[in-house]
Amino acid sequence: MIKEVNTEEFHDLMPQTLTLADFYSPTCGPCKMLSFVLADVDKSCEGVQILKINFDTNPALLEEYGVSGYPTLILFQNGQEVSRKSGLQQKPALIKMIQEYQ
(Lines give C-alpha, C1' and ligand atoms only; values in the text may rest on other atoms or scores of the structure.)
Protein backbone atom coordinates (compact mmCIF):
# COMPACT_ATOMS: atom_id res chain seq x y z
CA MET A 1 0.00 0.00 0.00
CA ILE A 2 1.27 3.45 -0.90
CA LYS A 3 1.06 5.92 1.96
CA GLU A 4 1.58 9.68 2.00
CA VAL A 5 3.53 10.70 5.08
CA ASN A 6 4.95 13.75 6.80
CA THR A 7 8.45 14.06 8.23
CA GLU A 8 7.62 12.47 11.61
CA GLU A 9 5.70 9.56 10.09
CA PHE A 10 8.52 8.98 7.60
CA HIS A 11 11.10 8.59 10.37
CA ASP A 12 8.77 6.20 12.25
CA LEU A 13 7.99 3.99 9.24
CA MET A 14 11.19 4.05 7.19
CA PRO A 15 13.43 1.74 9.29
CA GLN A 16 10.77 -1.00 9.51
CA THR A 17 11.27 -2.52 6.07
CA LEU A 18 12.67 -1.93 2.60
CA THR A 19 11.23 1.48 1.73
CA LEU A 20 10.88 3.37 -1.54
CA ALA A 21 10.38 7.07 -0.86
CA ASP A 22 8.78 9.19 -3.59
CA PHE A 23 9.55 12.88 -3.17
CA TYR A 24 6.93 14.60 -5.32
CA SER A 25 4.95 17.78 -5.93
CA PRO A 26 1.19 17.69 -6.51
CA THR A 27 1.57 20.19 -9.37
CA CYS A 28 4.27 18.21 -11.22
CA GLY A 29 3.17 16.38 -14.38
CA PRO A 30 5.88 13.69 -14.27
CA CYS A 31 5.10 13.15 -10.57
CA LYS A 32 1.45 12.47 -11.42
CA MET A 33 2.47 9.97 -14.12
CA LEU A 34 4.90 8.32 -11.69
CA SER A 35 2.01 7.74 -9.26
CA PHE A 36 0.46 5.31 -11.76
CA VAL A 37 3.80 3.53 -12.21
CA LEU A 38 4.24 3.25 -8.44
CA ALA A 39 0.74 1.78 -8.07
CA ASP A 40 1.76 -0.98 -10.51
CA VAL A 41 5.07 -1.50 -8.71
CA ASP A 42 3.23 -1.76 -5.40
CA LYS A 43 1.05 -4.56 -6.81
CA SER A 44 4.08 -6.39 -8.25
CA CYS A 45 6.57 -6.19 -5.37
CA GLU A 46 5.99 -7.64 -1.94
CA GLY A 47 8.23 -6.74 0.97
CA VAL A 48 8.64 -3.08 0.09
CA GLN A 49 6.67 -0.14 1.39
CA ILE A 50 6.19 2.94 -0.77
CA LEU A 51 5.98 6.28 0.99
CA LYS A 52 5.08 9.54 -0.74
CA ILE A 53 6.60 12.76 0.59
CA ASN A 54 5.12 16.05 -0.54
CA PHE A 55 7.98 18.27 -1.70
CA ASP A 56 6.12 21.44 -0.71
CA THR A 57 5.26 20.52 2.88
CA ASN A 58 8.34 18.58 4.08
CA PRO A 59 11.38 20.84 3.58
CA ALA A 60 13.29 19.23 6.47
CA LEU A 61 13.28 15.84 4.72
CA LEU A 62 14.40 17.44 1.46
CA GLU A 63 17.37 18.99 3.21
CA GLU A 64 18.15 15.84 5.21
CA TYR A 65 18.39 13.69 2.07
CA GLY A 66 19.71 16.31 -0.36
CA VAL A 67 16.65 16.21 -2.60
CA SER A 68 16.68 19.18 -4.97
CA GLY A 69 14.22 18.19 -7.70
CA TYR A 70 11.11 16.16 -8.23
CA PRO A 71 10.22 13.47 -8.70
CA THR A 72 13.06 11.86 -6.76
CA LEU A 73 12.90 8.23 -5.63
CA ILE A 74 15.14 6.98 -2.83
CA LEU A 75 15.32 3.34 -1.78
CA PHE A 76 16.16 2.72 1.88
CA GLN A 77 17.22 -0.55 3.47
CA ASN A 78 17.48 -0.71 7.26
CA GLY A 79 17.09 3.07 7.34
CA GLN A 80 20.05 3.70 5.02
CA GLU A 81 19.88 5.01 1.46
CA VAL A 82 20.92 2.29 -0.99
CA SER A 83 19.72 3.68 -4.33
CA ARG A 84 18.35 6.88 -5.89
CA LYS A 85 16.66 7.80 -9.15
CA SER A 86 15.45 11.18 -10.39
CA GLY A 87 12.74 11.96 -12.90
CA LEU A 88 9.97 9.81 -14.32
CA GLN A 89 10.91 6.12 -14.15
CA GLN A 90 9.39 3.07 -15.79
CA LYS A 91 8.10 0.05 -13.87
CA PRO A 92 10.85 -2.40 -14.98
CA ALA A 93 13.62 -0.07 -13.76
CA LEU A 94 11.96 0.36 -10.38
CA ILE A 95 11.30 -3.34 -9.94
CA LYS A 96 14.94 -4.11 -10.79
CA MET A 97 16.13 -1.50 -8.27
CA ILE A 98 13.92 -2.99 -5.54
CA GLN A 99 14.81 -6.61 -6.31
CA GLU A 100 18.52 -5.86 -5.93
CA TYR A 101 17.91 -5.31 -2.20
CA GLN A 102 15.24 -7.89 -1.39
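As shown above, the structure is provided for reference.
Residues numbered from 1 in each chain as written. Predicted model: local features only at pLDDT ≥ 70, side-chain atom pairs only at ≥ 80, totals over all residues. Heavy atoms only, no water.

Undergrad: What should I look at first to understand the overall build of the protein chain in this one?
TA: When helices and strands are counted, the protein chain shows 4 helices and 5 strands. Going from N to C terminus, the protein chain has its helices and strands arranged as β-α-β-α-β-α-β-β-α. The principal-axis extents of the C-alpha atoms in the protein chain amount to approximately 30 × 30 × 20 Å. Residues counted as buried form 45% of the 102 residues belonging to the protein chain. Pairs at least 24 residues apart make up 70% of the contacts formed inside the protein chain by residues separated by at least 6 positions. When the accessible area of the protein chain is evaluated, it comes to approximately 5400 Å², of which 49% is carbon and sulfur surface. Each charge class in the protein chain can be summarised by its mean position, and for the 8 positive and 13 negative side chains these summaries are 9 Å apart. (Helix = DSSP H or I, 4+ residues; strand = E, 2+ residues; numbered from the N terminus. Buried < 20%, exposed > 50% of the residue type's maximum accessible area, 1.4 Å probe, protein only. Contact = heavy atoms within 4.5 Å. Areas by Shrake-Rupley, 256 points an atom, 1.4 Å probe, with all protein chains shown as cover. Lys, Arg positive; Asp, Glu negative; His and termini not counted. Charge placed at Lys NZ, Arg CZ, Asp CG, Glu CD.)

Undergrad: What am I meant to see in the packing of aromatic side chains here?
TA: Here the distance between the centres and the angle between the planes together describe a pair of aromatic rings. Tallying each qualifying case throughout the model produces 4 aromatic pairs. Centroid distance F10 to F76: 5.7 Å. Interplanar angle 70°. Geometry classified as edge-to-face. Highlighted residues: F10 in helix 1 (residues 7-13) and F76 in strand 4 (residues 72-77), separated in sequence by 66 residues. Judged on exposure class, the residue F10 and its partner F76 are both buried. (Phe/Tyr/Trp six-rings, centres within 6.5 Å; stacked < 30°, edge-to-face > 60°.)

Undergrad: Would you explain the side chain of T72 in this entry?
TA: Examined against the element boundaries, T72 turns out to sit in strand 4. Side-chain polar atoms of T72 contact the backbone oxygen of G69, separated by 2.6 Å. Apart from residues no more than four positions distant in its own chain, T72 is found in contact with A21, D22, F23, V67, R84, K85 and S86. (Polar contact = N/O pair within 3.5 Å; in protein donor to acceptor, adjacent residues only side chain to side chain.)

Undergrad: Would you mind going over unusual backbone geometry with me for this structure?
TA: Most of the time, phi is negative for any residue but glycine, and the peptide bond is trans. Residue Y70 is joined to P71 through a cis peptide bond whose omega torsion reads -5°. Here P71 lies in the loop between helix 3 (59-65) and strand 4. Positive phi is not limited to glycine here, since N78 has a value of about 55°. You can see N78 is positioned in the loop between strand 4 and strand 5 (80-86).

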